[in-house]
Amino acid sequence: AYWGAEYSAAEMKAAIDVAGFPYETIEDDERLLDQVVDRLTQGKVISWYRGRFEWGPRALGHRSILADPRAAEMKEVVNTKIKFREPFRPFAPVVLEERAAEYFEMPSPERYYPARYMLLVTPIPDDKQDQIQAVCHEGGTGRLQTIRREWNPAYYRVVEKFGEATGVPILLNTSYNLRGEPIVNTPLNALHTFAKSDIDALVMGQFLVRKPE
């Protein structure tokens, strides 16, 4: 699905400089992702802007908003402070494909093609629902996205690292946009949405962008 436009590091940096946000350049992906996971486990919400724009109806890890899926209140935080939409609307879990069968009733998850594109709703076992409350729908289901390392290494790795830190190899993933607006495409789109919302930090390529203190 990653068939859309991509922007260079120079274009991203120029947009950040225009927007005026403080930022850090982190070339080492492992160190960058460690900082992302640290923020996620502290209840922060991260916008994720890397690679080519997704072509289709879902944000699949190139233009996403990420959050901790474990606490039910995170759904309210993202709905009311960032997405500005009705509080009943659910969010999707992104899960490592090889761990999906532990949290969703789908044997052999690698065979479920629609799950790769967040187009499949499956039941969540009763004993797992409390572990991922922010992405569990009323009735105990989830519209999941499964990922493999080779499809999107950095996105896969941030979910993997979150799993290593918390025991839950899942993140809340929703599209990087505000209510009534399209998913962000250009760096300026991303920074505009970042400025208008309560998103805590923005990963844009190798840049970690923050709100002013």
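Summary of the structure given here. (Residues numbered from 1 in each chain as written. Predicted model: local features only at pLDDT ≥ 70, side-chain atom pairs only at ≥ 80, totals over all residues. Heavy atoms only, no water.)

1. Some words on the pattern of salt bridges
Okay, so step 1: Taken as a whole and assessed by the stated rule, the structure comprises 13 salt bridges.
Okay, so step 2: Of the charged contacts, one joins Arg148 and Glu97 as a salt bridge, the two residues approaching to 2.7 Å between their closest N and O atoms. Of this pair, Arg148 sits in the loop between β6 (141-147) and α6 (153-166) while Glu97 sits in the loop between β4 (92-96) and α4 (100-103); the two residues are 51 residues apart in sequence, bridging distant segments of the chain.
Okay, so step 3: Residue class for Glu97 comes out buried when judged on its relative accessible area of 8%.
Okay, so step 4: Glu160 serves as the salt-bridge partner of Arg149, at 3.1 Å between the closest nitrogen and oxygen. Of the two residues, Arg149 sits in the loop between β6 and α6 while Glu160 sits in helix α6, which places them eleven residues apart along the sequence. (Salt bridge = Lys/Arg side-chain N within 4 Å of Asp/Glu carboxyl O. Helix = DSSP H or I, 4+ residues; strand = E, 2+ residues; numbered from the N terminus. Buried < 20%, exposed > 50% of the residue type's maximum accessible area, 1.4 Å probe, protein only.)

2. Let's talk about the pairing of strand β9 (residues 207-210)
Okay, so step 1: The sheet contact formed by strand β1 (residues 23-25) and β9 spans three bridges and is antiparallel. Note on β9: the bridge partner recorded for Thr25 is Phe207.
Okay, so step 2: Here four bridges tie strand β8 (residues 201-204) to β9, and the two strands are oriented antiparallel to one another. Its bridge partner being in β9, Val203 is matched across the sheet by Leu208.
Okay, so step 3: In sequence, β8 turns back onto β9 through a hairpin of two residues, with Gly205 there showing a positive phi of about 60 degrees. (Pairing = 2+ DSSP bridges.)

3. Quick word on the packing of helix α2 (residues 29-41) against α6
Okay, so step 1: Orientation of α2 relative to α6, taken along the N-to-C sense of each, is 50 degrees, at an axis distance of 9 Å. Between α2 and α6, the crossing angle belongs to the class labelled oblique. When the axes of α2 and α6 are compared, the crossing they make is right-handed. Side by side, α2 and α6 meet where Asp29, Glu30, Leu33, Asp34, Val36, Val37, Leu40 and Thr41 of the first sit next to Ala154, Arg157, Val158, Lys161, Phe162, Ala165 and Thr166 of the second.
Okay, so step 2: Here the residues of the contact of α2 with α6 sort into eight nonpolar, two polar and five charged. (Axes fitted to C-alpha atoms, helices over the stretch in contact; angles between N-to-C directions. Parallel < 35°, antiparallel > 145°, perpendicular 65-115°, else oblique. Left-handed = near helix turned anticlockwise from the far one by under 90°. Contact = heavy atoms within 4.5 Å. Nonpolar A, V, L, I, M, F, W, Y, C, P; charged D, E, K, R; others polar.)

4. With respect to the packing of aromatic side chains
How two aromatic rings sit relative to each other is given by the distance of their centres and the angle of their planes.
Okay, so step 1: All chains considered together, the criterion is met by three aromatic pairs.
Okay, so step 2: Consider the rings of Tyr23 and Phe207, whose centres lie 5.7 Å apart with planes at 85 degrees: the pair is edge-to-face. Highlighted residues: Tyr23 in strand β1 and Phe207 in strand β9, separated in sequence by 184 residues.
Okay, so step 3: The partly exposed category is assigned to Tyr23, whose relative accessible area is 27%.
Okay, so step 4: For Phe207, a relative accessible area of 6% gives the class buried.
Okay, so step 5: Consider the rings of Tyr113 and Tyr117, whose centres lie 5.4 Å apart with planes at 50 degrees: the pair is tilted.
Okay, so step 6: Taking relative accessible area as the criterion, Tyr117 reaches 27% and is therefore assigned partly exposed.
Okay, so step 7: Cation over ring: Arg63 sits above Tyr49, and NZ or CZ is 3.9 Å from the ring centre.
Okay, so step 8: Cation over ring: Lys211 sits above Phe194, and NZ or CZ is 4.4 Å from the ring centre. (Phe/Tyr/Trp six-rings, centres within 6.5 Å; stacked < 30°, edge-to-face > 60°. Lys NZ or Arg CZ within 6 Å of the ring centre and 35° of its normal.)

That's the geometry; what it means functionally is another story.
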